[in-house]
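Structural features, examined
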Amino acid sequence: MAENELAKKLQRRLVLEDAEPREEPGEVPETGEDKPATASADSELSAKLNRRNDINAGNPVPANRTHIFSPYTEFQEFSRKQIKDMEVMFKQYDTGHDNFIDLMELKLMMEKLGAPQTHLGLKNMIKEVDEDLDCKLNFREFLLIFRKAAAGELEEDSGLMSLAKLSEIDVSTEGVMGAKNFFEAKVQALNSASKFENEIRAEQDERKRLEEEKKNRRAAFKELKSAFN
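None of these values were measured; they are calculated from a predicted model. (Residues numbered from 1 in each chain as written. Predicted model: local features only at pLDDT ≥ 70, side-chain atom pairs only at ≥ 80, totals over all residues. Heavy atoms only, no water.)

**Notes on the overall build of the protein chain**
Our working definition: What counts as a helix is a DSSP run of H or I of at least four residues, what counts as a strand is a run of E of at least two, and both are numbered from the N terminus. Relative accessible area decides the class of each residue, using a 1.4 Å probe on protein chains only: under 20% of the type maximum gives buried, over 50% gives exposed, and in between gives partly exposed. Contacts are assigned to residue pairs that have any heavy atoms within 4.5 Å of one another.
Assigned secondary structure in the protein chain consists of nine helices and zero strands. Counting every position in the protein chain, which comprises 229 residues, the buried fraction comes to 24%. A sequence separation of at least 24 residues applies to 55% of the contacts in the protein chain between residues at least 6 apart.

Here's what the structure looks like:
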């Protein structure tokens, strides 16, 4: 009896397996996704992995920025005029008109400024502000030179400091010549803002006091008038 029951179960199993669709060798089961989308995802993942490998290996990697760069928002320590002057200078030496200053263009710039640098010196200048490791300067990295100079973060005898000093772009108008003056200017600005707010608050308090006195005088007059009536 048990053997007959086992035989029936085996036979039923074989029937079910024969009824199931079999995949042919090399056939890819359908997943509901288009092949181009899958290929695109694979390509994107491969690009990310390659980028990460390049970064780990120290190879030049192009910038991967998803936000729009606004110099006036990011470099608020400089006035609009200062940033405009820096932009004019950047474009003047971007002889390739590709929105970058490469090694040869930087070499020409330093020669025209009267502070020529060695090949190694030029490479070190770029390296100090080259955030995306592409061995050239974009406008944001160019602005970093003046930020570092204003904050006192550059060596006095460095090529970048020479560039900042000889550029004829006056960053002292905002009171940021060196780290000490830079932070003093920030404190002074905060104190000025605080003083302005205190003056406004004092005026508001004085206005409230006068309104309260006026209100009290009216109340006293009404009380006196009612006493005579």
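**Here we look at the pattern of salt bridges**
To keep it simple, the criterion reads: We count a salt bridge whenever a side-chain nitrogen from Lys or Arg sits within 4 Å of a carboxyl oxygen from Asp or Glu.
For the structure shown, the criterion picks out 10 salt bridges. A salt bridge links R140 to E74, with the shortest nitrogen-to-oxygen separation between them at 2.4 Å. Residue R140 is found in helix α7 (residues 139-150), and its partner E74 is found in helix α3 (residues 71-74); the two are separated by 66 residues along the sequence. With a relative accessible area of 13%, R140 lands in the buried category. The partner of E156 in a salt bridge is K165, with the nearest N and O atoms 2.6 Å apart. K165 shares its class with E156; the two are exposed.

**Some details on helix α4 (residues 80-93)**
Quick reminder: α-helices carry 3.6 residues per turn. Residues three or four places apart thus point the same way. For clarity, the cut-off: Multiplying 1.5 Å by the helix residue count minus one yields the expected span of that helix. Picture the helix axis, draw a direction to every C-beta atom, and the arc is the one those directions span.
In this model, α4 (14 residues) spans 20 Å end to end at C-alpha, consistent with the 20 Å of a helix rising 1.5 Å per residue. Residues of α4 that are buried include every one of Q82, I83, M86, M89, F90 and Y93, and no others. Angular distribution of buried residues about the axis of α4 spans 120°; they occupy a single face of the element. In α4, the exposed positions that point more than 90 degrees away from the buried face belong to R80, K81, V88, K91 and Q92.

**Observations regarding the UniProt feature "domain: EF-hand" (unreviewed entry) in the protein chain**
The criterion, for reference: UniProt positions are given in the numbering used here, feature names are shortened, and annotations may be inferred rather than shown by experiment.
Listed under "domain: EF-hand" (unreviewed entry) in the UniProt record, and renumbered for this structure, are residues 81-116 and 117-152. Each end of residues 81-116 is marked by a C-alpha atom, and these two atoms are 27 Å apart; helix forms 64% of the span and strand 0%. Taken end to end, residues 117-152 has its terminal C-alpha atoms 21 Å apart, with 64% of it in helix and 0% in strand.

**Here's the deal with a positive patch on the surface**
Under the convention used in this document: Here, patches come from residues exposed beyond 30% relative accessible area and free of salt bridges, joined within 9 Å for like charges and within 5 Å for nonpolar side chains (Val, Leu, Ile, Met, Phe, Trp, Tyr). Areas reported as accessible are Shrake-Rupley estimates using a 1.4 Å probe. Residue values count occlusion only from the protein chains shown. The charge count includes Lys and Arg as positive and Asp and Glu as negative, but it does not include His or the ends of the chains. Throughout, a charge is located at the NZ atom of Lys, the CZ atom of Arg, the CG atom of Asp or the CD atom of Glu.
A contiguous patch of positive charge, built from K214, R217, R218 and K222, is present on the exposed surface. Counting through the fold element by element, R217 comes out in helix α9 (residues 179-228).

**Concerning helix α6 (residues 119-129)**
Those residues of α6 lying buried are G121, L122, M125, I126 and V129. Viewed end-on, α6 has its buried residues packed into an arc of 135°, placing them on one side of the element. Exposed residues pointing more than 90 degrees away from the buried face of α6 are listed as H119, L120 and K127. Where the residues of α6 are buried, they touch α5 (103-112), α7 and α8 (159-166).

**Topic: the packing of α5 against α6**
The cut-off we apply is this: Each axis is a line fitted through C-alpha atoms, taken for helices only over the stretch in contact, and angles between the N-to-C directions span 0 to 180 degrees. Angles below 35 degrees are treated as roughly parallel, those above 145 as roughly antiparallel, those between 65 and 115 as roughly perpendicular, and all remaining angles as oblique. Under the scheme applied, nonpolar residues are Ala, Val, Leu, Ile, Met, Phe, Trp, Tyr, Cys and Pro; charged residues are Asp, Glu, Lys and Arg; polar residues are all the others, including Gly.
α6 packs onto α5 with a crossing angle of 105° between their chain directions and a minimal axis gap of 10 Å. The orientation of α5 with respect to α6, classified from their angle, is roughly perpendicular. Residue-level inspection shows L103, L106, K107 and M110 of α5 in contact with α6, the latter providing H119, L122, K123, M125 and I126. Class assignment for the residues of the contact of α5 with α6 results in six nonpolar, one polar and two charged.

**Overview of the nonpolar core**
Generally speaking, a soluble globular protein has its nonpolar side chains buried in company with each other. Test applied: Note on terminology: a nonpolar core comprises buried Ala, Val, Leu, Ile, Met, Phe, Trp, Tyr and Cys residues joined through side-chain atoms within 4.5 Å.
The biggest cluster of nonpolar side chains holds 33 residues, and the ones touching the most others in it are M89, L106, M109, F142, F146 and L163. Only α4, α5, α6, α7 and α8 provide two or more residues apiece to this core. Counting residues per element, this core draws most heavily on α7, which supplies eight residues. The contact partners of L106, leaving out residues within four places of it in the chain, are I101, L122, M125, I126 and L163.

**Here we look at the packing of aromatic side chains**
This is how it is decided: Planes of paired rings set the category: under 30 degrees apart is stacked, over 60 is edge-to-face and the rest tilted, where pairs are Phe, Tyr or Trp rings (Trp by its six-membered ring) whose centres lie within 6.5 Å. For a Lys NZ or an Arg CZ to count as sitting over a ring, it must be within 6 Å of the ring centre and within 35 degrees of the ring normal.
In this structure the tally under the stated criterion is four aromatic pairs. Note on F69 and F75: the rings are 6.3 Å apart at their centroids and 90° apart in plane angle, and the pair reads as edge-to-face. Residue F69 is classed as partly exposed on the basis of its relative accessible area of 25%. For F75, a relative accessible area of 0% gives the class buried. Members of the aromatic cluster, connected to one another through ring pairs, are F90, F139, F142 and F146. The cationic tip of R80 hangs over the ring face of Y72; the distance from NZ or CZ to the ring centre is 4.0 Å. The side chain of K136 reaches across the aromatic face of F100, ending 4.3 Å from its centre.

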